[in-house]
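Structural features, examined
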Amino acid sequence: MGKLTVGALRAVLGVVLAGTVFVQALMVWALATDPEDGSLPLTPLRVITILGMVSVQVALVCVWRLVTMVRRGTVFSHAAFRYVDVVIGAIVAAALVWFAVTAINAPGQRDDPGVTVIMGGVGVAILGVALIVLVLRMLLAQAVARDVEAAHMQAELNEVI
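Let us look at the structure shown here. (Residues numbered from 1 in each chain as written. Predicted model: local features only at pLDDT ≥ 70, side-chain atom pairs only at ≥ 80, totals over all residues. Heavy atoms only, no water.)

On to the packing of aromatic side chains, then. All told, the structure shown has zero aromatic pairs when counted by the stated rule. Directly above the aromatic system of Y83 lies the positively charged group of R82, at a separation of 4.9 Å from the ring centroid. (Phe/Tyr/Trp six-rings, centres within 6.5 Å; stacked < 30°, edge-to-face > 60°. Lys NZ or Arg CZ within 6 Å of the ring centre and 35° of its normal.)

In structure tokens:
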């Protein structure tokens, strides 16, 4: 992975992390100062937004750590699984948060239930991303196993020579 790619990815991760912190701060401020007007259940939506941002932040930090491992050439190790597993958990948590938003929003969509169906579909798509990362984790497991096997074969070859 080139330095430019790593730098660009870290810049994007930093901007997204700063954006999520900003949104969290706004939601905490709104919880403390802005009363509900009764049209929407704002307090639960604000709390859910804060929790959703936490799941995004956890995933961002883990991706940052994985990028660091890639840069150092240590990503094909058992230590990488911890970060990948946390990313999968964060994506599943984000999907659950999205389903909670969908459930809170659904009563207001009685005239147009299509919105709720679309929101449910987005939640399923988020779970699909978790499944894609799970498949990538399996590929990482195969790569780590092959790396260990190659190191073992290299050690045997070195003994023969």
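Let's shift gears to the side chain of R46. By the secondary structure assignment, R46 is in helix 2 (residues 42-72). Beyond its immediate chain neighbours, meaning those up to four positions away, R46 contacts M27, A30, L31 and D34. (Helix = DSSP H or I, 4+ residues; strand = E, 2+ residues; numbered from the N terminus. Contact = heavy atoms within 4.5 Å.)

This part is about the packing of helix 3 (residues 79-105) against helix 4 (residues 114-160). Two packed helices can be described by the angle between their axes and the distance between those axes. At a minimum axis separation of 9 Å, helix 3 and helix 4 run at an interaxial angle of 175°. Classified by the angle between their axes, helix 3 and helix 4 sit roughly antiparallel to one another. Here the residues of the contact of helix 3 with helix 4 sort into 25 nonpolar, five polar and two charged. (Axes fitted to C-alpha atoms, helices over the stretch in contact; angles between N-to-C directions. Parallel < 35°, antiparallel > 145°, perpendicular 65-115°, else oblique. Nonpolar A, V, L, I, M, F, W, Y, C, P; charged D, E, K, R; others polar.)

Topologically, L9 is positioned in helix 1 (residues 3-33). Taking the C-alpha atoms as reference points, L9 and A103, 94 residues apart in sequence, are found 34 Å from one another.

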